[in-house]
Structures are given as structure tokens and as C-alpha cells.
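Topology and contacts: notes
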Amino acid sequence: MNRRNISYISRYNPRRLYPLVDNKLKTKLLAQKAGITTPALIGTIQSQHDVSLLADLLRDVPGFAIKPAKGSGGKGIMVLSRDEDGQYVKNSGSVVTLADLQRHVSNILSGLYSLGGSPDIAIIEELIEFDPQLGGYSFEGVPDIRVIVCRGYPVMAMMRLSTRSSDGKANLHQGAVGVGLDIATGRPLNAVQDGLSVERHPDTGRELSELVIPQWGQLLELAARCYEETGLGYLGTDMVLDRRYGPMLLELNARPGLTIQVANGCGLLPRLRKIDALSDADVARPAAERVEFSRRWFAVDPLQQVGAAQ
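Here the structure is a predicted model, which is why all the values come from computation and not from measurement.

Reading the values: rules and limits
- Residues numbered from 1 in each chain as written.
- Predicted model: local features only at pLDDT ≥ 70, side-chain atom pairs only at ≥ 80, totals over all residues.
- Heavy atoms only, no water.
- Helix = DSSP H or I, 4+ residues; strand = E, 2+ residues; numbered from the N terminus.
- Buried < 20%, exposed > 50% of the residue type's maximum accessible area, 1.4 Å probe, protein only.
- Contact = heavy atoms within 4.5 Å.
- Areas by Shrake-Rupley, 256 points an atom, 1.4 Å probe, with all protein chains shown as cover.
- Lys, Arg positive; Asp, Glu negative; His and termini not counted.
- Charge placed at Lys NZ, Arg CZ, Asp CG, Glu CD.
- Phe/Tyr/Trp six-rings, centres within 6.5 Å; stacked < 30°, edge-to-face > 60°.
- Lys NZ or Arg CZ within 6 Å of the ring centre and 35° of its normal.
- UniProt positions renumbered as here; feature names shortened; annotations may be inferred.
- Axes fitted to C-alpha atoms, helices over the stretch in contact; angles between N-to-C directions.
- Parallel < 35°, antiparallel > 145°, perpendicular 65-115°, else oblique.
- Left-handed = near helix turned anticlockwise from the far one by under 90°.
- Nonpolar A, V, L, I, M, F, W, Y, C, P; charged D, E, K, R; others polar.
- Core = buried A, V, L, I, M, F, W, Y, C linked by side-chain atoms within 4.5 Å.

**Some words on the overall build of the chain**
When helices and strands are tallied, the chain shows 10 helices and 13 strands. Reported as C-alpha extents along the three principal axes, the dimensions of the chain are approximately 55 × 45 × 35 Å. Expressed as a percentage of its 310 residues, the buried residues of the chain come to 50%. In the chain, 63% of the contacts between residues at least 6 apart in sequence involve partners at least 24 apart. As displayed, the chain has an accessible area near 13,700 Å², and 50% of this comes from carbon and sulfur atoms. Across the chain, the mean location of the 35 positive side-chain charges is 7 Å away from that of the 34 negative side-chain charges.

**Details of the packing of aromatic side chains**
One pair of aromatic rings is described through two measures. These are the centre distance and the angle between the planes. Across all of its chains, the model carries six aromatic pairs by this definition. Judged by centre distance (5.8 Å) and plane angle (40°), the ring pair of Y8 and Y234 falls under tilted. Of this pair, Y8 sits in helix α1 (residues 2-12) while Y234 sits in strand β12 (residues 234-242), placing them 226 residues apart in sequence. What makes Y234 buried here is its relative accessible area of 0%. Three or more aromatic residues joined by ring pairs form one cluster here, namely Y153, F293, W297 and F298. Positioned above the aromatic ring of W297 is the side chain of K274, whose terminal nitrogen or guanidinium carbon lies 4.8 Å from the ring centre. The ring of F293 is capped by R296, whose NZ or CZ atom sits 5.8 Å from the centre of that ring.

**Focus: the UniProt feature "domain: ATP-grasp" (unreviewed entry) in the chain**
Within this structure's numbering, the places UniProt gives as "domain: ATP-grasp" (unreviewed entry) are residues 28-292. Spanning residues 28-292, this segment combines 24% helix with 27% strand, and its end C-alpha atoms are found 26 Å apart.

**Structural notes on the packing of helix α6 (residues 216-230) against helix α10 (residues 287-297)**
Packing of α6 against α10 brings their axes to within 9 Å, and their N-to-C directions diverge by 120°. If you check the angle between α6 and α10, you find them oblique. Crossing of α6 against α10: the hand is right-handed. Contact residues: W216, G217, L220, E221, A224, R225, Y227 and E228 in α6; A287, A288, R290, V291 and R295 in α10. Here the residues of the contact of α6 with α10 are counted per class, giving seven nonpolar, one polar and five charged.

**Quick word on the nonpolar core**
Residues I145, V155, M159, L181, I213 and Y234 are the most contacted members of the largest nonpolar core, which totals 59 residues. When near neighbours in sequence (up to four residues on either side) are disregarded, L181 contacts I145, A157, M158, M159, G186, R187, P188, L189, L211, I213, W216 and N264. If you look at the next biggest cluster of nonpolar residues, it comprises 18 residues, including V51, L54, V96 and I124.

Now the structure itself:
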């Protein structure tokens, strides 16, 4: 942890750039400007006075997610859709009233879920419709893919699968399943829940070794491009696969955790040292070229041909 903080986060991430990723609204606007796909923004609530406008903002919206701009670890995120009677319903099936939603938004604004408890903004965005190929790999939540990007090169990836015990959140510390992914192909290498190896999703029974990530190369390239757009040299990029839009950026993290090593069953350091040794000219390569190099360098079987999963 100390080596990560000193040798990578402090070295490659100027603190003045942290607000670009600690604030999800700034990240979303930055990504949209750069042409990086993100869930569409329905609107924001920025003051307690505007909480009363929530009903108008959500009128005729079939599904949406409300999240704190400065939240972390999935705290404060509420995902809802409308049933045939027009009621707001969680993935669990429980009904949420407009008054419940207004109270939740008010709590977000007061900083209940934000880093350091500072006043916050509520973001309302379009519901993600995850790719049907990933059906059965998650319980009441959207599976996401964390890619660690160092100096613009993807170095390690894992998929996070929500479970009953994680309450539908893709957070390994809350009981989600982490599946390490081969950078070359996106195929699964290893899977853990609560630090123990698992072979099937604990709630759906789906065999994890059968997992196939569609559009893997495109997903890696989007993750790699976040380096140029933020100026941060060590990033956790959280991606999702939408059935309509393909790979999308969900959020960025300037201090990504190390559980990705447990999911992959190997350490990050040898890969990071390879990236450390690159020249400035190597780092200036286009994102697509950087991705191709990463897929060759970090393939579990180096004889695998890049593009085998496409």
C-alpha cells in the first residue's frame, strides 16, 4: 500500500487534478467533451430549494440512477425504474415514494455520502441497460469492470459482480465477487468473494469461467484515453457495458485499491515497473497503440494472438 501511494499515486497524480475525478459530475462533463461515452445526464439538484423540482425532472423518465457527485464506494447510489403503475421501484422490488426520493436527495446535498462530509450535488442519470451477454453474472445490480491504467497503458483488470450479500453493489468489501480478467482477451482468470476462491456466482449459480466480455478492445481503449483527458498517470477506470451504447465510463478513481491483485491472483508491481521504464515517446503513443502493447505484454499466455476475443 505504501509503495503504491509513494511510487505511483504521489508520483503520477498531481493533487491539483484530483477534483476532476473526485467529483463525478466534473468527470462526466470532461468525458462527454472528449467523446468518451458515459450514462446520459438527466439533470442535477444543487440546492435544498431545488429538491421540490425533482418530480418535474423525473417526469416521463422510465428509469434512472441518483448518486452523490462526491460519493465513494457506491454509498448513496439509488437505482430505480418505473413499474406499470408509474411507481418508483428498486431492483429488489421495493417501492420508493417521491417523498423518500426527496429525502434521499436532501441527504446527498447535506453531504451525508460525500468525501469528508462536505456539501454535495445530486446527479440523476439515465439507467444503464447492461449487455445481455452478462446476464446471470450479477444479482440486482450492474456488473462493472475496473481497469488500472498507468501512464496511459492498461495494466490489470477485473469484473465486479454484485451479490445478495453486497446488497446489489459491485463493491468487493461489501461481498461482491471479483473476477480477474486477462488483459489480452478479457477472459476470466480467477474469482474471489470475501478473499476466498469461487467458481460460480453465489446467487445465480452461473459458471464464472464461461464469462466473456464483449467489445474488450474498445473498452480498454476508452479506459486508456482517460489518461490524456485527466492528466492523471495512475488511475482506476470503472467501465460498464450497455446493450445500446457498448462500453461506457462510469467513474474514475485517483486512489484505486489493491483488491484487483487478489481477484487476478498476481501482483501489480512487475507490470507497473515495465510501464515505469517506458520513454516519454512511448507514453505519447495513441491510445489504440498503447492498448495493443498492453495486450501483448500482459497476456497470461503470451502466445495468445491479440484480438482473439473480438
